[in-house]
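Survey of secondary and tertiary structure
For reference, the chains in residue letters:
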Amino acid sequence: MTLALGCIADDYTGASDLANTLTKAGLRTVQTIGVPAGDLALPEVDAVVVSLKSRSIPAGEAVARSREAASWLDARGAGHLLFKVCSTFDSTDAGNIGPVTDALREDAGEAIALVTPAFPETARTVYLGHLFVGAMPLAESPLKDHPLNPMRDSNLVRVLARQSRAEVGLIDLATVAQGAEAVSARLDALVREGKGAAIADAVLDRDLAVLGAAALTRKVSTGASGLGLGLARALVASGRVAPAAADTDLGGPIGGPAACLAGSCSQATLGQIARAEAAMPVRRLDPARLLAGEDEAGAALAWAAERIGDGPVLIASSAGPEDVAAVQARYGRDAAGHAIEDAMARIAEGLVARGVRRLVVAGGETSGAVVDRLGLPAFRVGPEIAAGVPVLRTTDRDMWLALKSGNFGGPDFFADALRLMP
């Protein structure tokens, strides 16, 4: 196996988003869960996205896991390494975007890495180093309230500098508008100034192609799926990858019971849950009872077992910002998060044991906990449900999944996903 592009994603839903983006751009792509033990027993691929659950763990652990993934990808000839992060740059002053980028760049022998979370298709743009969600700066948008990684600063040069050993510079939009050679020259100039990372502006889809071409002149870059799209387009345009049609033959229907799990507390997911109540039974977990030691997971499984024979069900731990803050204040942020993730993972395991083979999961941390508990090794990428969210088919068993970042998808996302899971 010789890969044109190797990718390391810091959460599972982001990995699915990237795998979907690369597949649509013509790259034959596989998403793995964790670092594979050996070569993939799959048809030839152009790109592999190694999914890690490393966004919110201690920085040292995130660096170690990312280095292990990079070593596996490098051993398979990856021509470029992309560290895939959230398009809202979810992180804290301790990391993990900065520490991982520093480590991957240094291990590759590179002096600087291009960094951008921009993805105009999903209304994430960067201008003068500031991240915008639609017309709003990130720190003024509803997306600032991530329960584990709240984002209170829209200036990504500052954000990245606080968590990096390297100094951070800027590639502004005027430079990007001049093309890939100008961006590469700016990277060289920043190296002479002692910078080790550069936040790059991008406000239009065409900016991603420029940044992708410039990033390919280095061995390592960091960004969201928008940069992945730019890299894919540059690989195809340069002739290094022959574009392939999306693989629509992922096997026949699976059928059987279906279920949805929602752990994201984003406004988008909260709206999708409310919409789903008109189409399927919905049970909401009580975080206070769960953290007080009550068997909320067991009760939810018993509830689901009585209903999944009649159609899909949805179990949600999602709550609004004020409710989340109250639970975190009482029990602690980490304790609350881990307890809820563990409960959702137990519920997923129980549902699969009861015959569920079509599973939709909303929320990055929830998706990671669920996939880890189920022990799924890798996915093939199927049709797109919504921007950034594909249908996935497991490589080791007959099972459909969809792993959704909390902010993605339309109002009827759960119903839309199930329609693409025959």
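Residues numbered from 1 in each chain as written. Predicted model: local features only at pLDDT ≥ 70, side-chain atom pairs only at ≥ 80, totals over all residues. Heavy atoms only, no water.

**Observations regarding the overall build of the protein**
A count of helices and strands for the protein gives 15 helices and 18 strands. Relative to the globule expectation of 22 Å for 422 residues, the C-alpha radius of gyration of the protein, 21 Å, shows essentially globular dimensions. Oriented by its inertia axes, the alpha-carbon framework of the protein measures out at about 65 × 45 × 35 Å. Residue pairs at least 24 apart in sequence account for 72% of intrachain contacts in the protein once pairs closer than 6 positions are excluded. Surface accessibility of the protein: about 15700 Å² in total, with carbon and sulfur atoms responsible for 50%. Side chains of the protein give 40 positive and 49 negative charges; the mean places of these two sets differ by 1 Å. (Helix = DSSP H or I, 4+ residues; strand = E, 2+ residues; numbered from the N terminus. Rg over C-alpha atoms; globule rule 2.2 N^0.38 Å. Contact = heavy atoms within 4.5 Å. Areas by Shrake-Rupley, 256 points an atom, 1.4 Å probe, with all protein chains shown as cover. Lys, Arg positive; Asp, Glu negative; His and termini not counted. Charge placed at Lys NZ, Arg CZ, Asp CG, Glu CD.)

**A few points about helix H11 (residues 296–305)**
Side chains three or four residues apart in an α-helix point the same way, a direct result of the helix having 3.6 residues per turn. Taken residue by residue, H11 has Glu296, Ala297, Ala300, Leu301, Trp303 and Ala304 as its buried positions. Seen from one end, H11 has its buried residues packed into an arc of 160°, which puts them on one side. Of the surrounding secondary structure, the elements contacted by the buried residues of H11 are strand E13 (282–284), helix H10 (287–291), strand E14 (313–316) and helix H13 (333–353). (Buried < 20%, exposed > 50% of the residue type's maximum accessible area, 1.4 Å probe, protein only. Arc of directions from axis to C-beta.)

**Overview of the environment of Ile273**
Within the element layout of this structure, Ile273 appears in helix H9 (residues 267–276). Once the C-alpha coordinates of Ile273 and Leu392 are considered, the two residues, 119 residues apart in sequence, prove to be 21 Å apart. Each residue touching Ile273, except ones within four places of it in the same chain, is listed here: Ala262, Val282, Arg284, Leu314, Ala316, Ser318 and Phe414.

**What to know about the side chain of Ser51**
By secondary structure assignment, the location of Ser51 is in strand E3 (residues 47–51). A polar atom in the side chain of Ser51 sits 2.7 Å from the backbone oxygen of Thr32. Those residues in contact with Ser51 that lie beyond four places of it in its chain are Ala9, Tyr12, Ala15, Gln31, Thr32, Ile33 and Gly34. (Polar contact = N/O pair within 3.5 Å; in protein donor to acceptor, adjacent residues only side chain to side chain.)

**Considering helix H6 (residues 180–192)**
Across its 13 residues, H6 extends 19 Å between first and last C-alpha, which sits within 8% of the 18 Å expected from 1.5 Å per residue. Restricting attention to buried positions, one finds in H6 the residues Ala182, Val183, Ser184, Leu187, Ala189 and Leu190. Buried-residue contacts for H6 involve strand E5 (113–116), strand E9 (167–171), helix H5 (173–176), strand E10 (195–200) and helix H7 (205–215). In the stretch just after H6, Gly194 is the one whose phi turns positive, near 90°. (Expected span 1.5 Å × (residues − 1).)

**A look at the pattern of salt bridges**
For the structure shown, the criterion picks out 33 salt bridges. A salt bridge links Asp93 to Arg162; the nearest nitrogen and oxygen atoms lie 3.0 Å apart. Here the residue Asp93 occupies a position in the loop between strand E4 (81–84) and helix H3 (97–107), and Arg162 occupies one in helix H4 (residues 156–162), the gap between them amounting to 69 residues. Overall, the relative accessible area of 48% leaves Asp93 in the partly exposed class. For Arg162, a relative accessible area of 40% puts it in the partly exposed group. The salt bridge partner of Arg158 is Asp153, with a shortest N-O separation of 2.8 Å. On the basis of relative accessible area, Arg158 is assigned to the partly exposed category, the value being 45%. Taken together, the shared-partner salt bridges in this structure form one network comprising Asp10, Asp11, Arg55 and Asp90. (Salt bridge = Lys/Arg side-chain N within 4 Å of Asp/Glu carboxyl O.)

**Examining the UniProt feature "domain: Four-carbon acid sugar kinase nucleotide binding" (unreviewed entry) in the protein**
Those places that UniProt annotates as "domain: Four-carbon acid sugar kinase nucleotide binding" (unreviewed entry) correspond, in this numbering, to residues 260–414. Across residues 260–414, the secondary structure splits into 45% helix and 23% strand, with the terminal C-alpha atoms separated by 7 Å. (UniProt positions renumbered as here; feature names shortened; annotations may be inferred.)

**Let's talk about the state of the cysteines**
Under the defined criterion, the tally for this structure stands at 0 disulfides. Of all cysteine sulfurs in the structure, the one in Cys265 sits closest to Cys86, which takes part in no disulfide; the separation is 15 Å. By relative accessible area, which is 11% here, Cys86 ends up buried. (Disulfide = S-S within 2.5 Å.)

**As for the sheet that holds strand E6 (residues 124–127)**
The sheet built from 3 strands is open, its strands ordered E6-E7-E8 with antiparallel pairing. Looking along the sheet, the strands with just one partner apiece sit at the ends: E6 and strand E8 (136–137). (Pairing = 2+ DSSP bridges.)

**Here we look at the pairing of strand E17 (residues 389–394)**
Taking burial as the measure, the 6 residues of E17 include 6 buried ones, the bulk of the element. In this structure, the hairpin formed by strand E16 (residues 378–386) and E17 is closed by a connection of 2 residues, where Gly388 is found at a positive phi of approximately 85°. As paired strands, E17 and strand E18 (residues 400–404) are joined by 2 bridges and run antiparallel to one another. Pairing of Arg393 across the sheet is with Trp400, part of E18. Between E17 and E18, which pair antiparallel and follow one another directly, the connecting turn spans 5 residues.

**Observations concerning the nonpolar core**
Grouped together as the largest cluster of nonpolar side chains are 111 residues, with contacts concentrated most on Phe89, Ile347 and Leu359. Counting contributing residues, this core receives three or more from each of domain 1 (5–238) and domain 2 (258–420). Those residues in contact with Leu359 that sit more than four places away from it in its chain are Ala259, Leu261, Ala348, Val370, Leu374, Met399, Trp400, Leu401, Ala402 and Met421. (Core = buried A, V, L, I, M, F, W, Y, C linked by side-chain atoms within 4.5 Å. Domains from an automatic or database assignment.)

**Considering the packing of aromatic side chains**
Under the definition given, this model contains 1 aromatic pair. Consider the rings of Phe413 and Phe414, whose centres lie 5.9 Å apart with planes at 70°: the pair is edge-to-face. Residue Phe413 shares its accessibility class with Phe414, and that shared class is buried. Directly above the ring of Trp400 sits Arg393, whose terminal nitrogen or CZ lies 4.8 Å from the centroid. Sitting over the face of the ring of Phe413, Lys404 holds its NZ or CZ atom 5.6 Å from the ring centroid. (Phe/Tyr/Trp six-rings, centres within 6.5 Å; stacked < 30°, edge-to-face > 60°. Lys NZ or Arg CZ within 6 Å of the ring centre and 35° of its normal.)

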